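So you can see what is in the structure, the chains are spelled out below.
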Amino acid sequence: MFILAAAGSAIGLGNIWKFPYMAGKYGGGAFVLMYLACIGVIGLPILVAEILIGRDARKNPVGAFSVISRGNRFWTAVGFLGVASGFVILSYYSVVGGWTVDYFTKSAAGSYLEANPGRINEIFNQMLANPWEQAVWHTVFMAATMGIVIFGVKEGLERWIEVLMPLLLVLLGVLVVYGLVAGDAAGGLGYLFIPDWSKLVTNAAGEYTPRPMLEAMGHAFFTLSLGMGAMITYGSYLGDHESIPASAVMVALLDTAIALLASIAIFTIVFQYGLDPTAAGPGLVFQVLPLAFSQMPGGRFIGTAFFLLLSFAALTSAISLLEVVVAHFIDDRKWARRTATVIMGTVIWVLGLFSAFSYNLLENVTLLEDKEGQGMPILDSVDLIATNYMLPIGGFFIALFAGWFIKQQVRDRQLLDGSGSRAFYRAWLFVTRYFTPVAVGLLILFMIDKHLGIAEWVFGGK
Ligand code: PFF
């Protein structure tokens, strides 16, 4: 059941909400290819590392690091960083999850049918501007997540994942076909797959910035649920005789396929309507797909089904985020499951209110700057901190732990027993020991250096 649980965690808002708008914002093809490279040489090896650690320790991340390292304080702290990441990510993930449930009801009510692009934008912006609407749907989403985690209905949930995931894939397939036939296929595909490499190191004004590369890497972590131990937790569900590499490859392929399909469905419509692919930001999927739904036959039904399935995909990811936090309190601190879920869920819900209010009551509060130097809203800033720093730093240490620290016999047993391929094992060990930590470390250093300006000087920016 590992594959189902892991795919349920990996496939979510990251694939359908976030990836398309980032691909748009960071210039299309070059970003998409950089992201694919990051999935292959950073994401996949760390996914294997997390599953390996999880299956060996059969514990939550804090417990797993602590047991394997025999209580070493440093490694236990890496486990805590994972719990902190789960906390932070779930706080805003639940707000965006709320948007999808909100759009499910809007679609069922036919609110955006037969509207023009201007009106569809307005519907989205009105939703953001309404603090009550934001808070209510965030509460609904968080309550659903907590409800499922309290009852621990994992088996039941997996049965749903088994049915609903393929349906989501089929529906995306339909939207892709629609986009390619009725939308601007050449424009959409060209933007997504023909690289303009300069976009990876420059901002809109043509100045040097490492931000797009860092974002592509950070997103590889986010979309595969890596760097915080979610896959360590789920790794403990993998049967002893199942192959870790085969399972990891399967999850990574499915996850990537969904992100690419969603992007094709969206960008063929973006170009059909002559919209600016770089401008939409977090509203992209909510503003573009309704345009398609309002045109296609059966659009009301298809739109309703789409946002329902997306809400469900978001829920199965949110559950894995909360599970990492809660499992630590249950296993290591002996709290009851219900107590841990209610207390931690409530704290995360309160934290999430800041994100829920970030486009209305708190719209003037900005934490970080975006790549053009503009202040970003709270939700976007918190997402940036978690995805581009917390997860990659967690992943950096997970790679070091799996590549260097744990015993050779453990690695051999986990990866070679049964049908394990030696070639994959050698490649994995090399990449995990050397390449992944260096690549992740360098990208984070580049980002810090943005403020020092060394790379800018080297690249001849100034
Ligand atoms: N992978 C999820 C997505 O793409 O929507 C988000 C996520 C879930 C990130 C669980 C991290 C995590 F531990």
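Residues numbered from 1 in each chain as written. Predicted model: local features only at pLDDT ≥ 70, side-chain atom pairs only at ≥ 80, totals over all residues. Heavy atoms only, no water.

Caption draft 1: The overall build of the protein chain, seen in detail. A count of helices and strands for the protein chain gives 19 helices and 0 strands. A globule of 462 residues ought to have a C-alpha radius of gyration of about 23 Å, and the protein chain, at 21 Å, matches this closely. Oriented by its inertia axes, the alpha-carbon framework of the protein chain measures out at about 60 × 55 × 45 Å. A total of 462 residues make up the protein chain; the buried ones form 60% of that total. Once local pairs closer than 6 in sequence are excluded, the contacts in the protein chain between residues at least 24 apart make up 80%. Taken as a whole, the protein chain presents about 17,700 Å² of accessible surface, with 66% of it coming from carbon and sulfur. Charge centroids of the protein chain, computed over 27 positive and 30 negative side chains, lie 10 Å from each other. (Helix = DSSP H or I, 4+ residues; strand = E, 2+ residues; numbered from the N terminus. Rg over C-alpha atoms; globule rule 2.2 N^0.38 Å. Buried < 20%, exposed > 50% of the residue type's maximum accessible area, 1.4 Å probe, protein only. Contact = heavy atoms within 4.5 Å. Areas by Shrake-Rupley, 256 points an atom, 1.4 Å probe, with all protein chains shown as cover. Lys, Arg positive; Asp, Glu negative; His and termini not counted. Charge placed at Lys NZ, Arg CZ, Asp CG, Glu CD.)

Caption draft 2: A look at the packing of aromatic side chains. Scanning all chains against the criterion turns up 33 aromatic pairs. Taken together, a centroid distance of 5.6 Å and an interplanar angle of 20 degrees make the contact between Tyr26 and Phe31 stacked. Exposure remark for Tyr26: the relative accessible area of 3% places this residue in the buried category. Look at Phe31 and you get buried, because its relative accessible area is 0%. Centre to centre, the rings of Phe124 and Phe286 are 5.6 Å apart; their planes meet at 15 degrees, and the pair counts as stacked. Of this pair, Phe124 sits in helix α6 (residues 117-129) while Phe286 sits in helix α13 (residues 284-295), and the two are 162 residues apart along the sequence. (Phe/Tyr/Trp six-rings, centres within 6.5 Å; stacked < 30°, edge-to-face > 60°.)

Caption draft 3: Summary view of the site of the ligand. Neighbouring the ligand are 15 residues; Ala10, Gly14, Tyr93, Phe222 and Ser225 lie closest to it. The separation between an oxygen atom of the ligand and a polar main-chain atom of Gly14 is 2.7 Å. Every element with two or more residues in the shell around the ligand is listed here: α1 (2-10), α2 (13-25), α10 (211-223) and α14 (299-331). Residue composition of the shell around the ligand, grouped by class: 7 nonpolar, 8 polar and no charged. (Near = heavy atom within 4 Å. Polar contact = N/O pair within 3.5 Å; in protein donor to acceptor, adjacent residues only side chain to side chain. Nonpolar A, V, L, I, M, F, W, Y, C, P; charged D, E, K, R; others polar.)

Caption draft 4: Up close: α2. Here α2 spans 17 Å end to end across 13 residues, near enough to the 18 Å set by a 1.5 Å rise per residue. Along its length, α2 reaches its greatest deviation from straightness, about 35 degrees, at Phe19, and the proline Pro20 lies no more than four positions downstream. Along α2, 12 of the 13 residues are buried, which leaves the element largely enclosed by surrounding structure. Among the residues making up α2, those that are buried are Leu13, Gly14, Asn15, Ile16, Trp17, Lys18, Phe19, Pro20, Tyr21, Met22, Ala23 and Gly24. Backbone geometry just downstream of α2 places Gly27 in the positive-phi region, at approximately 100 degrees. (Expected span 1.5 Å × (residues − 1). Bend = angle between axes of the 7 residues up to and from the residue.)

Caption draft 5: Spotlight on unusual backbone geometry. Positive phi outside glycine occurs at Glu114, with the angle close to 60 degrees. Note that Glu114 resides in the loop between α5 (73-108) and α6. Using a relative accessible area of 75% as the deciding quantity, one classes Glu114 as exposed. Despite not being glycine, Lys334 shows a phi value in the positive range, around 60 degrees. Mapping Lys334 onto the fold places it in the loop between α14 and α15 (337-356). By relative accessible area, Lys334 is classed as exposed at 68%.

Caption draft 6: How the structure looks around the packing of α14 against α15. Where α14 meets α15, the axes come as close as 9 Å, and the angle between the chain directions of the two elements is 135 degrees. In terms of axis orientation, α14 runs oblique to α15. Relative to α15, the crossing made by α14 is right-handed. Contacts between α14 and α15 involve Leu322, Glu323, Val325, Val326, Phe329 and Ile330 from the first element and Arg337, Ala340, Thr341, Met344, Gly345 and Ile348 from the second. Partitioning the contact of α14 with α15 into residue classes produces 8 nonpolar, 2 polar and 2 charged. (Axes fitted to C-alpha atoms, helices over the stretch in contact; angles between N-to-C directions. Parallel < 35°, antiparallel > 145°, perpendicular 65-115°, else oblique. Left-handed = near helix turned anticlockwise from the far one by under 90°.)

Caption draft 7: Spotlight on α15. Between its terminal C-alpha atoms α15 stretches 27 Å, which fits the 28 Å expected from 20 residues at 1.5 Å a residue. Listed in full, the buried residues belonging to α15 are Ala340, Thr341, Met344, Gly345, Ile348, Gly352, Leu353, Ser355 and Ala356. Of the surrounding elements, those touching the buried residues of α15 are α5, α7 (131-151), α14 and α16 (378-405).

Caption draft 8: Quick peek at the nonpolar core. In this structure, Ile16, Ile89, Tyr93, Trp99, Phe293 and Phe306 are the most contacted members of the largest nonpolar core, which totals 156 residues. The biggest single contributor to this core is α14, with 18 residues. Aside from chain neighbours lying at most four places away, what touches Ile16 is Leu168, Leu172, Ile258, Ala262, Ile266, Val285, Phe306 and Leu310. (Core = buried A, V, L, I, M, F, W, Y, C linked by side-chain atoms within 4.5 Å.)

Caption draft 9: Looking closely at the side chain of Thr145. Among the structural elements, Thr145 can be located in helix α7. A relative accessible area of 0% places Thr145 in the buried class. The residues touching Thr145, leaving out its near neighbours within four places in the chain, are Leu315, Ala318, Ile319 and Leu322.

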